[in-house]
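# Observations on chain architecture
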Amino acid sequence: MARAAMTPVRALADATPAPFWLDDPDRPAALPALVGDEQCDLLVVGGGYSGLWTALLAKERDPQRDVVLIEGAEIGWAASGRNGGFCAASLTHGLGNGLARWPGELARLEELGSRNLDAIEEAVTRYGIDCAFERTGEIDIATEPHQVAELKEAADDAARLGLDRHTFLDRDALRAEVDSPTFRAGLWDRDGVAMLNPARLAWGLKRACLGLGVRIYERTRGTALAPHGPGMAVRTPYGRIFARHVALGTNAFPSLVKRVRPYIVPVYDHALMTEPLTADQLAAIGWHNRQGLSDTNNHFHYFRITADHRILWGGYDIVYRYGGGVRAEYDHHPATYEKLARHFFRCFPQLEGLRFSHTWGGAIDTCARFSAFFGTAHGGRVSYAAGYTGLGVGATRFGAEVMLDLLAGERTERTELEMVRSKPLPFPPEPLRWAGIGITQWSMTRADRQAGHRNLWLRAMDKAGLGFDS
């Protein structure tokens, strides 16, 4: 018993405290910062997926459009280079959330999401982006008895929507795919999720943008936004950019449109990466089809296997800091790392002795409805998309299309969606925000321990359309 209790501590002892994906010898050097003034047709603020897709699609729509992108640090250094690499077709944070919020248009949202994922795969191929893209699908996993019935209900919902890519797996069928003594059942979305290397996707999009003529300035933070004649001006530390239109892809960071800020809460998510598994270790767990995996607890884990046979294991804790700041010192949370390591060996006891090579964390732009919201400001000269709540790897491309549609003033199948035309409820100011999130966290933990029973607080939150997730 003493030896087992020490396993997580020993396994973490030599881990590098840095995102695995960014610890890459092929990481591109940062481009120079902007010094002086610039002019352009479209300025994109933010060098993660949201901004990169917006710049790329703007040039694909109109190759003559003059596009500038600025990034406060380096391309892909924030959430786009730190996530688990789950690129999902879902635009609504899963079927359940979509059915609860937009039941009348969920079939259309699923169709648009599937087309969006296809377009990402096509772009990865067309631009030669080496990001280990694999259309493996994802399995949602029941680890408690009540979750088995929930997955069966979700499978029925998918069938009613005509989504034939979903397959219910009983215990034996699931453990034939990936073997863990904690697994009871699963729901496999066979085609709606791809696994990829997130940092290399960002770097590949950067190269594609540069190849189409986008001018990119790194280490150039947008500090202020104001009207300027018929267009807009964005101030940076060492200059200004004058643009006809501005698209904001800042997500978890404070928006340059201040009225957007109450809709976003930055929360911190953390992950571990193991050393590569040996052939015997791989044989002990199976996982031949390399799907992404996620359990269905309120405090859930997500995990996947990489191209070089490591296991990424993340999630569970959702860490909110009073005041909602985004700071480098918040990236690491040793107590969460130890908890995650303990949970890992509970899930895969056959891998005892495996060590972790990397530990890291990062901020997620959470909103109360768990999926992106959209809008314009300054008379339609500025557009924004934010609130992806952990599913931005795929949905940011759709958000980029929406932002460009809105700037063009076009009525499209995207801009006509209720999802696009509506907003989530804003979070209250501090200290109510901190207190409310704390009560919600406690209630979610309690529900996980009591067969999924949601207390009065969570039921009231559900009725009000408020939620908290990562």
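A brief look at the structure comes next. Nothing here was measured: the structure is a model prediction, and the numbers come from that model.

## As for helix α8 (residues 198-211)
Here α8 contains 14 residues, and its C-alpha end-to-end distance of 20 Å stays within 8% of the 20 Å for a straight helix at 1.5 Å per residue. Most of α8 is tucked away: ten of the 14 residues are buried. Those residues of α8 that fall on the buried side of the exposure criterion are Pro-198, Ala-199, Leu-201, Ala-202, Trp-203, Gly-204, Leu-205, Lys-206, Ala-208 and Cys-209. Buried residues belonging to α8 abut α2 (49-61), α3 (79-82), α5 (106-126), β8 (215-217) and α11 (392-408). Once α8 finishes, Gly-213 follows within two positions and takes phi at roughly 100°, a positive value.

## As for the state of the cysteines
Evaluated as defined, the whole model comprises zero disulfides. With no disulfide of its own, Cys-40 lies 14 Å from the sulfur of Cys-209, the closest cysteine sulfur.

## Topic: the packing of α2 against α8
Look at α2 against α8: their axes get within 9 Å of each other, and the N-to-C directions meet at 30°. Judged by the angle between their axes, α2 and α8 are roughly parallel. Viewed along their axes, α2 and α8 form a crossing whose handedness is left-handed. Contact residues: α2 offers Tyr-49, Leu-52, Trp-53, Ala-55 and Leu-56, while α8 offers Pro-198, Ala-199, Leu-201, Ala-202, Leu-205, Lys-206, Ala-208 and Cys-209.

## Considerations on helix α6 (residues 145-160)
When the terminal C-alpha atoms of α6 are compared, their 24 Å separation across 16 residues agrees well with the 22 Å that a helix rising 1.5 Å per residue should span. Those residues of α6 lying buried are Gln-147, Val-148, Leu-151, Ala-155, Asp-157 and Ala-158. Buried residues along α6 sit in contact with α4 (95-101), β4 (138-142), β5 (166-169) and β6 (185-189).

## Thoughts on the pattern of salt bridges
Under the definition given, this model contains 34 salt bridges. The salt bridge involving Arg-108 is made with Glu-413; its shortest N-O contact spans 3.8 Å. A residue pair is termed long-range when its members are at least 10 positions apart, and Arg-108 in helix α5 and Glu-413 in the loop between α11 and α12 (418-421) qualify at 305 residues. What makes Arg-108 partly exposed here is its relative accessible area of 39%. Glu-413 gets classed as partly exposed once you look at its relative accessible area, which sits at 31%. In this structure, Arg-135 engages Asp-191 in a salt bridge whose closest nitrogen and oxygen atoms are separated by 3.5 Å. With Arg-135 in the loop between α5 and β4 and Asp-191 in the loop between β6 and β7 (193-195), the pair connects residues that are 56 residues apart, well separated along the chain. The exposure class assigned to Asp-191 is partly exposed, which follows from its relative accessible area of 36%.

Cut-offs applied
Residues numbered from 1 in each chain as written. Predicted model: local features only at pLDDT ≥ 70, side-chain atom pairs only at ≥ 80, totals over all residues. Heavy atoms only, no water. Helix = DSSP H or I, 4+ residues; strand = E, 2+ residues; numbered from the N terminus. Expected span 1.5 Å × (residues − 1). Buried < 20%, exposed > 50% of the residue type's maximum accessible area, 1.4 Å probe, protein only. Contact = heavy atoms within 4.5 Å. Disulfide = S-S within 2.5 Å. Axes fitted to C-alpha atoms, helices over the stretch in contact; angles between N-to-C directions. Parallel < 35°, antiparallel > 145°, perpendicular 65-115°, else oblique. Left-handed = near helix turned anticlockwise from the far one by under 90°. Salt bridge = Lys/Arg side-chain N within 4 Å of Asp/Glu carboxyl O.

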